[in-house]
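Read off the chains here:
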Amino acid sequence: MKAELEKIIDEFKCEISRIGIENDASKTKFNELYNPQNSHSPSYLMGALDMTWIELITYCGFKAKSLPWKNRPENEIYTVGARFVEENNISCGADYVGKCDNINYPSYWVICNNIGWRKFIIRYAYDHKGLMNFHMPWAELTNAQILEFTIFEDDRNRFESSTEMSHRKSNSVPNQHTASDRFGGYKNLFSIIVRRRKS
């Protein structure tokens, strides 16, 4: 069985080379141009080897055609976009647009359409416990989420008072409007934080 599979793979590799798509192996292009007398179909090969097209192509030593960012899984878009944000100290959407090449990393618009820019920021904020250059989109957060980010900040550097909290320069501390609207002011928010320390 192993020898038969190796023969099938060798035939497939020869057909890839004959077609001339070694460096940009598109499944669509292969299906259009391959000769069934020379190689099995992609579906057969993928099933026999229990591999995706990209895994099959990589296993055979070729380069698969990359999917456009807009067609990639949301988690991949987030992971690569978040890495770009961290590596380039991105502080806002305009900063992302200005620095991103849109080839090696998903564009701002791909993130907006596939994830949502604010959702992306909030997820990034959670992953970094509020340590980021972005301004937090407080209006999009629940009270529980706001409190959680404030706790992240208190865990890093304890608040001494509600006044000190209001002057803390951190994206993890809600602005005055949010503190007043959601908790009745910094004094009440500080009291919640202090009670949480004692629990």
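Here we summarise the structure given alongside this text. Computed from a prediction, not measured in an experiment: that's the story for all the values here.

1. Topic: the nonpolar core
One finds Tyr96, Trp117, Phe120, Phe134 and Met165 to be the most contacted residues of the largest nonpolar core, which totals 39 residues. Those elements giving two or more residues to this core turn out to be helix 5 (74-87), helix 7 (108-114), helix 8 (117-127), helix 9 (143-156), helix 11 (176-183) and helix 12 (186-198). Residue contacts for Trp117: discarding those within four places in its chain leaves Cys92, Gly93, Tyr96, Tyr108, Ile111, Cys112 and Phe134. In this structure, Ile9, Phe30, Leu49 and Leu56 belong to the second largest nonpolar core, which totals 17 residues.

2. Describing the pattern of salt bridges
Counted by the stated rule, this structure contains twelve salt bridges. The salt bridge partner of Glu153 is Arg156, with a shortest N-O separation of 2.9 Å. Of this pair, Glu153 and Arg156 are both found in helix 9, three residues apart, which corresponds to roughly one turn of the helix. For Arg196, the salt bridge goes to Asp155, with nearest N and O atoms at 2.9 Å. Pair noted here: Arg196 is in helix 12 and Asp155 is in helix 9, with a separation of 41 residues, a long-range link. In this structure Asp155 comes out as partly exposed when scored by relative accessible area, which is 47%. Look at the salt bridges and you will find they share partners, linking Glu153, Arg156, Glu164 and Arg168 into a network.

3. Description of the layout of surface pockets
In this structure, the largest pocket spans a volume of roughly 240 Å³. Each residue belonging to the lining of the largest pocket can be placed in one class, and the counts come to five nonpolar, six polar and two charged.

4. Some thoughts on the environment of Ser39
Within the fold, Ser39 resides in the loop between helix 2 (27-33) and helix 3 (42-49). For the pair Ser39 and Tyr108, spaced 69 residues apart in the sequence, the C-alpha separation amounts to 41 Å. Among residues more than four places away in sequence, those in contact with Ser39 are Glu11, Phe12, Glu15, Phe30, Tyr34 and Leu45.

5. Description of the environment of Ile21
Considering the arrangement of structural elements, one finds Ile21 in the loop between helix 1 (2-19) and helix 2. When the C-alpha positions of Ile21 and Ser199 are compared, they lie 63 Å apart, and in sequence the two are 178 residues distant. When near neighbours in sequence (up to four residues on either side) are disregarded, Ile21 contacts Ile16, Ser26, Lys29 and Phe30.

About the cut-offs
Residues numbered from 1 in each chain as written. Predicted model: local features only at pLDDT ≥ 70, side-chain atom pairs only at ≥ 80, totals over all residues. Heavy atoms only, no water. Core = buried A, V, L, I, M, F, W, Y, C linked by side-chain atoms within 4.5 Å. Buried < 20%, exposed > 50% of the residue type's maximum accessible area, 1.4 Å probe, protein only. Helix = DSSP H or I, 4+ residues; strand = E, 2+ residues; numbered from the N terminus. Contact = heavy atoms within 4.5 Å. Salt bridge = Lys/Arg side-chain N within 4 Å of Asp/Glu carboxyl O. 1 Å grid on protein atoms, 1.4 Å probe; cavity = no way out; pocket = protein on both sides within 12 Å on 5 of 7 lines; lining within 4 Å. Points joined across faces, edges and corners; volume = space filled by probe spheres on them. Nonpolar A, V, L, I, M, F, W, Y, C, P; charged D, E, K, R; others polar.

Fair warning: the whole summary comes from geometry, so function is off the table for now.
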